[in-house]
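# Residue-level structural notes
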Amino acid sequence: MDQHGKCKLGRRDSTLTSRTTTNNDIPTPFMDLSALINNFKKQGLDEEDLVALSGGHTLGFAQCSTFRNRIYNDANIDSTFASQRQANCPRSGGDSNLASLDPTPALFDSKYFSNLVSNKGLLHSDQALFSGGETDDLVKTYSKNLKTFSEDFAESMIKMGNIKPLTGKQGQIRVDCRKDGELSSANEIKCFKNLVIFICSCDFCSFGTFVVS
């Protein structure tokens, strides 16, 4: 829900896709802090949004190819942590081998930020948030206060969800995200109703988990 207690219905799906455009818009795991800030700023998101949304990495895993350079070449990394990751991510090969983005990859908690404070961020772009720059203080705050992180994450998710939405007859609404095809108005209303019931029954942490996964 937004700050007015209104439940957001979601976004329409585009009927066109562009891998090139998408890759240009989303941050990469190799970016430093200034590049991340600029990347988010292009979408109307500020530094608080950057740190809060990066906290979505409290869930899930990353492939070896995305963090190999960090664990072998970055200086701001805990040596024991680096050695542990090197055991499953050799200098060559094993590109698809997985490592968790934080110690509890199935839980929405604040350990992602605790990892950053300990120089145990898995991705270069993760650790960039705690590297002597302007986002350090917010990382420390989130590492100690799950409630603050959860609330800020929810607000930033809503803010991100409002980036260039398709309205009117633009785009479409799908029952199955893998299948193209616009719904009839009756089914569209039913689909929206079910989505609203699901989202409005969730608290901030559950909402965040649903979206990120």
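For the structure itself, look to the data block above.
Below or above, wherever it landed, is the structure these notes cover. (Residues numbered from 1 in each chain as written. Predicted model: local features only at pLDDT ≥ 70, side-chain atom pairs only at ≥ 80, totals over all residues. Heavy atoms only, no water.)

## Remarks on the packing of helix H3 (residues 47–54) against helix H9 (residues 146–161)
Inclusion rule: Working convention: axes come from line fits to C-alpha atoms, limited for helices to the stretch in contact. Angles between N-to-C directions cover 0 to 180 degrees. Comment: elements are numbered from the N terminus, with helices defined as DSSP H or I runs of at least four residues and strands as E runs of at least two. Here roughly perpendicular refers to angles of 65 to 115 degrees, roughly parallel to angles under 35, roughly antiparallel to angles over 145, and oblique to all remaining angles. By definition in these notes, contact holds between two residues if any of their heavy atoms fall within 4.5 Å. Here the term charged refers only to Asp, Glu, Lys and Arg, the term nonpolar to Ala, Val, Leu, Ile, Met, Phe, Trp, Tyr, Cys and Pro, and the term polar to all other amino acids, Gly among them.
Between H3 and H9, whose axes approach to 8 Å, the crossing angle comes to 110°. In terms of orientation, H3 lies roughly perpendicular with respect to H9. Contacts between H3 and H9 involve Glu48, Asp49, Ala52 and Leu53 from the former and Phe149, Asp152, Phe153, Ser156, Met157, Lys159 and Met160 from the latter. Taken together, the residues of the contact of H3 with H9 break down into six nonpolar, one polar and four charged.

## Focus on the packing of H3 against helix H8 (residues 136–144)
Convention followed: By definition, turning the near helix anticlockwise from the far helix through less than a right angle yields a left-handed crossing, and turning it clockwise yields a right-handed one.
The N-to-C vectors of H3 and H8 enclose an angle of 40°; their axes lie 10 Å apart at closest approach. When the interaxial angle is binned, H3 and H8 end up oblique. For H3 against H8, the interelement crossing comes out right-handed. Along the contact surface, H3 presents Glu47, Glu48, Val51 and Ala52, while H8 presents Leu138, Val139 and Tyr142.

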